[in-house]
Amino acid sequence: MKIKTDNRLTPDETSVILDSVADGVFTVDENFTITSFNRAAESITGVPREEAMGKECCEVFKADICEADCALRHTTRTGKPVINRSISILNARGERVPISVSTALLKDKHGKIIGGVETFRDLSVVEALRQEVEGRYRLADMISRNEKMRDIFNILPDIAQSGSTVLIEGESGTGKELLARAIHDMSTRKKGPMIAVNCGAIPDTLLESELFGYVAGAFTDAKRDKKGKFAIAEGGTLFLDEIGDVSPALQVRLLRVLQERQYEPLGSNRTLRADVRVIAATNRDLATLVKKGQFRSDLFYRINVIRLYLPPLRDRKEDIPLLVDHIVRQMNLARNRDISGVDRAVQEAFFNHDWPGNIRELENALEHAFILCPGGQIHLHHLPDTFSFRGKGGSSGSQGETPAGTLEDLEAKAIQETLIRNDWNRTAASAELGINKTTLWRKCKRFGIFPPG
Amino acid sequence: MRLAVPEFNGRVSPVFDFCRKLVIIDLGEDGKSERFCVDWSEGDPIDRAGRLRDLKVDTLLCGGISCELAWDVARKGIRVFPWISGNTGEVLQAFLAGKLPDPRMTMPGCPKDRGPREGWPRGWGACRGRGRGPR
């Protein structure tokens, strides 16, 4: 009787197992030629196994990273596996398929590298579900679950189609220009230009010529005619941001354009027609400015035909996870990175922060993190200093939050810096701080200081 | 005629959308040819059709290409011969000799009886759900 002493799987048994899994699996030799290709790999790539075997893996896999940053080459060169990296491949029908890939080295019994193995998962369903969920909370480039925002989303198509002048009010960084863009893109003027002018950024002396243009000789440096923004936006939309900063003299000219649809470039006697839809925006309270006599009431009522108010981010914190997810994904695409998101400490810090800069501040914080975070999740120490210390972000305007300077804040900062300096080695950090390792662990837990990964 | 062939390691690049080098070949009526390379490591795939047009390319020989991009390239009046694989020099010779499609120069997974031929292959179920390109 022959006693089986070797419990290792036969090649046939291995093949049966690999063909039964839902993830695609293939192996390559040291020349990156395919040496095995399971059934799921056939199904996801659309390439039959017999055609894949013996071919260069990039010609079978057709991934967006093959030339610039092949995961298998990275693994064979560095010895480090790639885990769940999101990429896309082209299937045999020319369709892009989103997948996540992981790689590992193949070694012989002497430890010599003989190739690599790559596993990949089709994320098409996940991606479609994500778009479905996001689609419910999305209008153009704006995303929100907030009730007030969704009220705006619901009426926006009608507002866009009406062609009426719109006034958008909201703090800096709340997305006023995005909303104006959405209105333009849904209007009958979407094929025309959308021109944005920040009235607060241009000196008043230049703003008039910027908006209405001028003819040669209108003033000393006017050597030739120049079209103004009203002319450039002809047939389209003109977005006037920070309209509350416009001088009284210019307010008169704007009123005339809005009422009579006519204007004259500087230095010209010729009257031009303005076929432009105006969307105005401000972060100031125009009604109060009218009462104070700093803004013309007739102009206010002329632009206040439809008024939309964008709430600040602190009043719509339920949108923070959606916005973070969206911004991280956009930045990953733009920078060819694979940041997976933010950890719990960052989530907590974001919820506790007041966001005086609103969504723009959120984007800046994440951009800062993208520079410092090498991969995986974003942690507190990747964010600007505002968000560090105990996992609670503060701002100078927040009540109940103290800026860095209390003894506890200083203690938390010292602990964090010591840990980073010692590469998160608690033994070394506690020795440097002169405290017990258990004490360090307790303080880390209390201040929300966590190592990366 | 001005040909463009995306190249990677001396072979036709596997995915035109993400190729990093484009080889341009000018074929004169006297049979002489000139070639030069263009660095395509920067830029958005969505702009590639326009960039080909700006280079005055009239024929593209490529490997894999997404439905959307193939449609864009073809709409700009550029002939597209997709799903080609092989050494760049050999592929060019085969094209000039009128020997494409050649099953030996067809990417894995591409139907061999059709092979790479001009235009976006009809009936390949291209561009599902996008509403663009031939169906």
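This report concerns the structure included in the present document. Keep in mind that this is a model prediction, so the values were computed, not measured.

### A look at the overall build of chain B
Here is step 1: When its secondary structure is counted, chain B shows three helices and six strands.
Here is step 2: Each helix (α) and strand (β) of chain B, taken in turn from the N terminus, gives the series β-β-β-β-α-β-α-β-α.
Here is step 3: Put simply, chain B has 135 residues, and 53% of those count as buried.
Here is step 4: Carbon together with sulfur atoms contributes 46% to the accessible area of chain B, which is approximately 6,600 Å² in total.

### A few points about the overall build of chain A
Here is step 1: In terms of helices and strands, chain A carries 20 helices and 18 strands.
Here is step 2: For chain A, the proportion of contacts with a sequence separation of at least 24, taken over those separated by at least 6, is 62%.
Here is step 3: For chain A, the computed accessible surface area is about 23,700 Å², with 50% contributed by carbon and sulfur atoms.

### Considering the interface of chain B and chain A
Here is step 1: Contacts between chain B and chain A engage 30 residues on the former and 23 residues on the latter.
Here is step 2: When the buried surface of chain B facing chain A is broken down by residue, F8(B), F18(B) and P108(B) rank first, second and third, together holding 29% of it.
Here is step 3: In this structure, the connection of chain B to chain A is made through three salt bridges.
Here is step 4: In this structure, the salt-bridge partner of R11(B) is E59(A), at a minimum N-O distance of 3.0 Å.
Here is step 5: The interface formed by chain B and chain A holds six residue pairs in polar contact (both at pLDDT 80 or more) in total.
Here is step 6: Elements that contribute at least two residues to the side of chain B that touches chain A include exactly β1 (2-8) and β2 (11-12) of chain B.

### Quick word on the pairing of strand β4 (residues 96-107) of chain A
Residue and element names in this part refer to chain A.
Here is step 1: Examined bridge by bridge, strand β3 (residues 85-90) and β4 share six bridges and lie antiparallel to one another. Following the sheet pairing, S88 is matched in β4 by P98.
Here is step 2: In this structure, the hairpin formed by β3 and β4 is closed by a connection of five residues, where G94 is found at a positive phi of approximately 80°.
Here is step 3: Across nine bridges, the pairing between β4 and strand β5 (residues 113-122) is antiparallel. Along β5, the bridge assignment pairs T103 with E118.

### With respect to the pattern of salt bridges
Here is step 1: Considering all chains together, one arrives at 26 salt bridges over all chains under this definition.
Here is step 2: In this structure, the salt-bridge partner of D17(B) is R96(A), at a minimum N-O distance of 2.9 Å. With D17(B) in the loop between β2 and β3 (21-27) and R96(A) in strand β4, this pair bridges two chains.
Here is step 3: On the basis of relative accessible area, R96(A) is assigned to the partly exposed category, the value being 39%.

### With respect to the nonpolar core
All names here are of chain A.
Here is step 1: Grouped together as the largest cluster of nonpolar side chains are 31 residues, with contacts concentrated most on L211, F230, L238, L240, L254 and I303.
Here is step 2: At the level of secondary structure, the elements contributing two or more residues to this core comprise β9 (194-198), α10 (204-212), α11 (229-232), β12 (237-241), α12 (248-260), β15 (277-282), α13 (286-291) and α14 (297-303).
Here is step 3: Element by element, the count of residues in this core is highest for α12, at five residues.
Here is step 4: Among residues more than four places away in sequence, those in contact with L254 are L211, F212, F230, L240, I243, V246 and L299.
Here is step 5: The next biggest cluster of nonpolar side chains, apart from the first, holds 27 residues, and it includes V47, C57, C58 and I89.

### Things to note about the packing of helix α8 (residues 147-162) of chain A against helix α9 (residues 176-186) of chain A
In helix packing, the relevant descriptors are the interaxial angle and the interaxial distance, both defined with respect to the helix axes.
All names here are of chain A.
Here is step 1: Running from amino to carboxyl end, α8 crosses α9 at an angle of 50°, the nearest separation of the two axes being 8 Å. Overall, the two elements α8 and α9 adopt an arrangement that is oblique. By crossing handedness, the relation of α8 to α9 is classed as right-handed. Seen from α8, the contacting residues are I152, L156, P157, A160 and Q161; seen from α9, they are L179, A182, I183 and M186.
Here is step 2: Partitioned by chemical class, the residues of the contact of α8 with α9 number eight nonpolar, one polar and no charged.

### Looking at the sheet that holds strand β8 (residues 166-170) of chain A
Residues and elements named next belong to chain A.
Here is step 1: Spatial ordering of the open sheet is given by β9-β12-β15-β8-β16, a layout of five strands whose pairing is parallel. Among the strands making up the open sheet, the edge pair consists of β9 and β16 (306-310). When strand polarity is set aside, the average angle formed by the axes of neighbouring strands in this sheet is 20°.
Here is step 2: Bridge analysis of β8 against β15 gives four bridges, and the strand direction is parallel. The residue of β15 that forms the bridge with E169 is T282.

### Digging into the side chain of T33(A)
Residues and elements named next belong to chain A.
Here is step 1: Here T33 lies in the loop between β1 (24-29) and β2 (34-37).
Here is step 2: Taking the relative accessible area as the measure of exposure, T33 reaches 19% and is therefore buried.
Here is step 3: Every residue in contact with T33, bar those within four places of it in the chain, is listed here: T27, V28, G54 and K55.

### Regarding a nonpolar patch on the surface
Here is step 1: A cluster of nonpolar side chains, namely L9(A), I17(A) and V21(A), defines an oily patch on the protein surface of about 250 Å² accessible area.
Here is step 2: Take V21(A): it is sitting in the loop between α1 (11-20) and β1.

Parameters and conventions
Residues numbered from 1 in each chain as written. Chains lettered and ligands numbered in written order. Predicted model: local features only at pLDDT ≥ 70, side-chain atom pairs only at ≥ 80, totals over all residues. Heavy atoms only, no water. Helix = DSSP H or I, 4+ residues; strand = E, 2+ residues; numbered from the N terminus. Buried < 20%, exposed > 50% of the residue type's maximum accessible area, 1.4 Å probe, protein only. Areas by Shrake-Rupley, 256 points an atom, 1.4 Å probe, with all protein chains shown as cover. Contact = heavy atoms within 4.5 Å. Buried area = accessible area lost by both parts, 1.4 Å probe. Salt bridge = Lys/Arg side-chain N within 4 Å of Asp/Glu carboxyl O. Polar contact = N/O pair within 3.5 Å; in protein donor to acceptor, adjacent residues only side chain to side chain. Pairing = 2+ DSSP bridges. Core = buried A, V, L, I, M, F, W, Y, C linked by side-chain atoms within 4.5 Å. Axes fitted to C-alpha atoms, helices over the stretch in contact; angles between N-to-C directions. Parallel < 35°, antiparallel > 145°, perpendicular 65-115°, else oblique. Left-handed = near helix turned anticlockwise from the far one by under 90°. Nonpolar A, V, L, I, M, F, W, Y, C, P; charged D, E, K, R; others polar. Patch = residues over 30% accessible without salt bridge, like charges linked within 9 Å, V, L, I, M, F, W, Y side chains within 5 Å.

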